[in-house]
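Here are the chains, one letter per residue:
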Amino acid sequence: MALAETIQEQPTPRDSAGLRDPSNFAPVIDLNALSVQFGGRPILQSLQGELRGRAIGLLGPNGAGKTTLIHTLLGFHSPTSGTAHIFGQDITTDAKNIRSLVGYMPERDSYIAKMSAVRFVRLMGELSGLPPEAALERAHEALFYVGLGEARYRSLDTYSLGMKQLAKLAQALVHGPRLIFLDEPTNGLDPPARQRMIRLIREIRDSGKAHIVVSSHLLRDVEECCEEILILKDGRIAVYCNLEEERKANRKFLLLETRGDLEPFAAAVGALGCEYAVTGAARIKVVLQGEIEVRDIYRIAAEQNMQIRRLSYKRDSLEDIFLKAMENGHGSL
Amino acid sequence: MAVYEHTYKPYLGKLTPEWNRFLVIPRHAFRDVFKSKLFTAFFVICFIPLLVEAILIYLHHNANALAILQVNVRELIPIDATFFQTFVNLQGSFAFFVALLVGPPLVARDLRNNALPLYLCRPFSRTEYVLGKMSVLLILLSTITWVPQLVLFLFQSYLEGARWFIDNLWIAAAIFIGSVIWILLLALLSQAISALVKWRVIASAALLGLFFIPSIFGEVINQLFYTRWGNIISLGALIKNVTAGLFGTFVRSSGQMVGFDGRMAREIIMNEPPLWASWFVLFLVCAACLALLSWKVKAYEVVR
């Protein structure tokens, strides 16, 4: 399928209401019991679900399978069982078609030595199927877009780490993909460079012309530029949620600092029907459910001989969602 | 994504056909290769034997020139299969040095800089990558081997007449196949070594060693055991045997005088490995190179 044709199938991109409602879009990535093993060791285990967001954050501790998931979706690794679809195309049978629709910014330092940035990006454009003239034109545009316009004739060997990251982003954008995988895009960047990268990701997301999957272990980066998050733990999906909806759902969220035996108190809070997470020796986070009020928590504390030294309402941050996912194990889609 | 707009814009234009996309790699590689003045100079030198070949063909058909040079036509090398075979092997040797200069960094540089994921995350397969990298050598080496040789064959046919052309068409086939064997072997070997060794200098040394060290060992075996079977491990000797077979000049048995105490001498008949064995070993080497490339050319190596 030609890239030009596929792009026209997208929904109206600048409709901001549409952007906020992911159900308006067909699944970007559809995981069907996707499993990957290396040497008998399970890396991804029966991943199931539909990812529909405009910007999806892929989170997880080191070794959770984030990069393996991206590599499998790109066709670098074959699934042991199950499959996945990107824009409705099977990763095992339509890998080449899929790769014409996606851009990829690898995690590691990747470039072609002894080449200027503009030649490098042009070459990548040509390999994606752009005619030489169009590839050259778009290479210039992409490099200006990421902020390397003035340095585009310099050899990549002379670039700083931050500049190489931007050059990698430029090569991922040059052919105008519909889906962009960014693997640890802010790795090794200083604060201004990181801000610039985050701003670029947000701009692409807000343009509505491409979906983005950002893999990172830096929660702040994902929080700043993603609408949805997929948290992996030990090769399984621990959580997939819309960040904003999750925050709204957890408005009655309490952070308690206590003194006393926390374990029976936490159990009593749990028995009350509240979700909770113990985040330290004397700290517990509680999500009030339904009709339960703060005075019920005080009552339980009194019954358990527990002092509540501080109580604060708090919005559920990505860190909380992440920590909860790490404690609970599996979430659902 | 216009420069002045600074916004993300999808590409809506036409795409190039997939079948010839691998040629993007040699097109970009040639720009780097010919940046080196040393290489460009050497590449020009590679055409000198071909010029000599052209002059010899011309002299054979120009009585005036022979008269001026005071050379009898019978003193010139005859234009026959042996003549073309000699130049095929000579150009093959030049091709080896071109491959030595151009081949090693082709894949090694990409592996060293983790560039393979960038190629393979596009609608561009591993096969196309290898084909693209090999095309750099295939095109360069073709321009100094079979392409000019066939032009010279046509030149000789033009001067000699249509009858000679028809009678010797098999020589053209031998030129083409003999040169392609040289080119394929050199391209595969240099790519395989380049994929195995990430450093250019070491890869060049390995390619040089692969050609010359087994040849030395082979010659030692030949001398020690009064045989020619040592040539089975010498790539140069194998190609020469195969091209000799193609040009119909392959002689399997040859005699060598062996002296005893300085008084007596006897002739020992030594047999070259049969042609099929030479073909078979070359095939094995090519297959091993392809297997190595298939093993090494991957977006990411999986640590199991």
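About the criteria used
Residues numbered from 1 in each chain as written. Chains lettered and ligands numbered in written order. Predicted model: local features only at pLDDT ≥ 70, side-chain atom pairs only at ≥ 80, totals over all residues. Helix = DSSP H or I, 4+ residues; strand = E, 2+ residues; numbered from the N terminus. Buried ≥ 20, exposed ≤ 12 C-beta atoms within 10 Å, placed from the backbone. Contact = placed C-beta atoms within 7 Å. Expected span 1.5 Å × (residues − 1). Domains from an automatic or database assignment. Pairing = 2+ DSSP bridges. Axes fitted to C-alpha atoms, helices over the stretch in contact; angles between N-to-C directions.

Enquirer: Before we go on, may I ask you to explain the overall build of chain A in this structure?
Expert: Each helix and strand in chain A was counted, giving 13 helices and 14 strands. In chain A, buried positions account for 45% of the 333 residues. Contacts in chain A between residues at least 24 apart in sequence constitute 68% of all its contacts with a sequence separation of at least 6.

Enquirer: Looking at this structure, how should I read helix α7 (residues 161-173) of chain A?
Expert: The periodicity of an α-helix, 3.6 residues per turn, causes residues three or four positions apart to be oriented the same way. In a regular helix each residue adds 1.5 Å, so 13 residues correspond to 18 Å; α7(A) covers 19 Å between its end C-alpha atoms and thus fits that length. Those residues of α7(A) that fall on the buried side of the exposure criterion are A:Gln165, A:Leu166, A:Ala167, A:Lys168, A:Leu169, A:Ala170, A:Gln171, A:Ala172 and A:Leu173. Looking at the buried residues of α7(A), the elements they touch are β6 (102-105), α5 (117-127), α6 (132-146), β7 (179-183) and α8 (191-207) of chain A together with α7 (116-120) of chain B.

Enquirer: Help me out: how do you make sense of the interface of chain B and chain A in this one?
Expert: Across the contact, 35 residues belong to chain B and 45 residues belong to chain A. Of all elements in the fold, only α1 (24-33), α6 (104-112) and α7 of chain B reach the threshold of two or more residues within the side of chain B that touches chain A. At four residues, the largest contribution of residues to the side of chain B that touches chain A is made by α7(B).

Enquirer: How should the domain arrangement of chain A be read in this particular structure?
Expert: How big an interface is tends to be stated in terms of the accessible area lost upon association of its parts. When cut into domains, chain A gives domain 1 (3-242) and domain 2 (252-314). Summarising the inter-unit geometry, the C-alpha centres of domain 1 of chain A and domain 2 of chain A are found 41 Å apart.

Enquirer: Just checking my understanding: could you explain the sheet that holds β6(A) for this structure?
Expert: By way of backbone hydrogen bonds, the strands of a sheet pair with one another, either parallel or antiparallel. Residues and elements named next belong to chain A. Read from one edge to the other, the open sheet built from six strands follows the order β6-β7-β8-β3-β9-β10, with strand pairing classed as mixed. Either end of the sheet is taken by a strand with one partner, and the two such strands are β6 and β10 (236-242). On average, each strand axis in the sheet is inclined to that of its neighbour by 15°, with strand direction left out of account. Sheet topology note: the strand β3 (residues 55-59)/strand β9 (residues 228-233) ladder contains four bridges and is parallel. In the strand pairing of β9, Leu-59 is matched with Ile-231. Contacting β3, β7 and β8 (211-215), α8 crosses the sheet at an angle of about 150° to β8.

Enquirer: Help me out: how do you make sense of unusual backbone geometry in this one?
Expert: Leaving glycine aside, a negative phi is the common case for residues, and trans is the common case for peptide bonds. Non-glycine residue A:Asp234 carries a positive phi angle of around 50°. Relative to the elements of secondary structure, A:Asp234 occurs in the loop between β9 and β10. For A:Asp234, a count of 16 C-beta atoms within 10 Å corresponds to the partly exposed category. Even without being a glycine, B:Asn114 presents a positive backbone phi close to 55°.

Enquirer: I would appreciate a short explanation of the pairing of β9(A) in the present structure.
Expert: Sheet faces and side chains relate simply in a regular strand, where the side chains alternate between the two faces. All names here are of chain A. Among the six residues that make up β9, six are buried, leaving the element largely enclosed by the rest of the structure. Side chains of β9 alternate between two faces, with Glu-228, Leu-230 and Leu-232 and Ile-229, Ile-231 and Lys-233 buried alike. As paired strands, β9 and β10 are joined by six bridges and run antiparallel to one another. By the bridge assignment, Leu-232 is partnered in β10 with Ile-237. Taking the residues that link successive antiparallel strands as the turn, the β9-β10 hairpin has two residues, and the phi of Asp-234 there is positive, at about 50°.

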